[in-house]
Amino acid sequence: ENWDKCTKNYWNIAEQLYNAGKNKFRYKGNHVWEYNNSGEWKKDKNNKELSKYISNELYESLMSRVLYWQSINQNDDYEINYRIIMMLEIATILKNKNHLKDILKEAKEFFVVD
């Protein structure tokens, strides 16, 4: 994932989701998402698995990047501080279930399968 250039835009977040989860999830159309369960694709009822993935694994990935930038920001650099603040705002979005619908709406085009 390249969180460094990600913005709070749902499309950017959906792209990060795709980069991280392209082998774990797919979109079948008609509001049907599936997840890979040990090589077997299963319907993700109410997007429960995808929601959990976003708020846990994707969030952890983002936060590890925040910790990296904080660790190298010895001189209180403006650009690094801005990047950290942006990432923390994205982290808030990932943890807020109200944003899930908007992220998934944008993610469909990345994950769609024929």
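All of these numbers come straight from a predicted model, not from anything done at the bench.

It is worth spelling out the pattern of salt bridges at this point. Counted under the stated rule, the structure contains four salt bridges. The closest approach of N and O atoms between lysine 8 and glutamate 89, which form a salt bridge, is 2.9 Å. Residue lysine 8 is found in the segment before helix H1 (10–21), and its partner glutamate 89 is found in helix H3 (residues 78–95); the two are separated by 81 residues along the sequence. Residue class for lysine 8 comes out partly exposed when judged on its relative accessible area of 42%. With its nearest N and O atoms 2.6 Å apart, the salt bridge here joins glutamate 34 to arginine 26. Taking the relative accessible area as the measure of exposure, glutamate 34 reaches 13% and is therefore buried.

Pairing of strand E1 (residues 25–29) with strand E2 (residues 32–37) involves four bridges; the strand directions are antiparallel. The partner of glycine 29 across the bridge, within E2, is valine 32. Joining the antiparallel neighbours E1 and E2 is a turn of two residues, in which asparagine 30 adopts a positive phi near 55°.

Let us now look at the nonpolar core. Counting 33 residues, the largest nonpolar core has Trp3, Leu17, Ile54, Ile90, Leu94 and Phe111 as the members making the most contacts within it. At the level of secondary structure, the elements contributing two or more residues to this core comprise H1, E1, E2, helix H2 (48–72), H3 and helix H4 (100–111). Top element by residues in this core is H2. It accounts for nine residues. Beyond its immediate chain neighbours, meaning those up to four positions away, isoleucine 90 contacts Trp3, Cys6, Thr7, Lys8, Ile13 and Leu62.

A word on the environment of tyrosine 10. As for its position among the elements, tyrosine 10 is in helix H1. Looking at tyrosine 10, the relative accessible area reads 25%, which means it is partly exposed. Between the alpha carbons of tyrosine 10 and glutamate 89 there is a distance of 12 Å; along the sequence they are 79 residues apart. Leaving out residues up to four positions away in the same chain, tyrosine 10 has contacts with Ile93, His99, Asp102, Ile103 and Glu106.

Sheet topology places E2 next to strand E3 (residues 40–43); four bridges connect them, and they run antiparallel. Its bridge partner being in E3, glutamate 34 is matched across the sheet by lysine 43.

Taken as a whole and assessed by the stated rule, the structure comprises seven aromatic pairs. Between tryptophan 11 and phenylalanine 110, the aromatic rings sit 5.3 Å apart at their centres with planes inclined by 50°, giving tilted as the arrangement. Of this pair, tryptophan 11 sits in helix H1 while phenylalanine 110 sits in helix H4, and the two are 99 residues apart along the sequence. Owing to a relative accessible area of 18%, phenylalanine 110 belongs among the buried residues under this scheme. Ring centres 5.1 Å apart and planes at 80° place the aromatic pair tyrosine 18 and phenylalanine 111 in the edge-to-face group. Of this pair, tyrosine 18 sits in helix H1 while phenylalanine 111 sits in helix H4, and the two are 93 residues apart along the sequence. An aromatic cluster is present here, built from Trp11, Tyr18, Tyr27, Trp33, Phe110 and Phe111 joined pairwise through their rings. If you follow arginine 83 out to its NZ or CZ, it ends over the ring of tryptophan 69, 4.3 Å from the centre. Above the plane of the ring of tyrosine 59 lies lysine 95, whose end atom (NZ or CZ) is 4.4 Å from the centre.

The rules we used
- Residues numbered from 1 in each chain as written.
- Predicted model: local features only at pLDDT ≥ 70, side-chain atom pairs only at ≥ 80, totals over all residues.
- Heavy atoms only, no water.
- Salt bridge = Lys/Arg side-chain N within 4 Å of Asp/Glu carboxyl O.
- Helix = DSSP H or I, 4+ residues; strand = E, 2+ residues; numbered from the N terminus.
- Buried < 20%, exposed > 50% of the residue type's maximum accessible area, 1.4 Å probe, protein only.
- Pairing = 2+ DSSP bridges.
- Core = buried A, V, L, I, M, F, W, Y, C linked by side-chain atoms within 4.5 Å.
- Contact = heavy atoms within 4.5 Å.
- Phe/Tyr/Trp six-rings, centres within 6.5 Å; stacked < 30°, edge-to-face > 60°.
- Lys NZ or Arg CZ within 6 Å of the ring centre and 35° of its normal.

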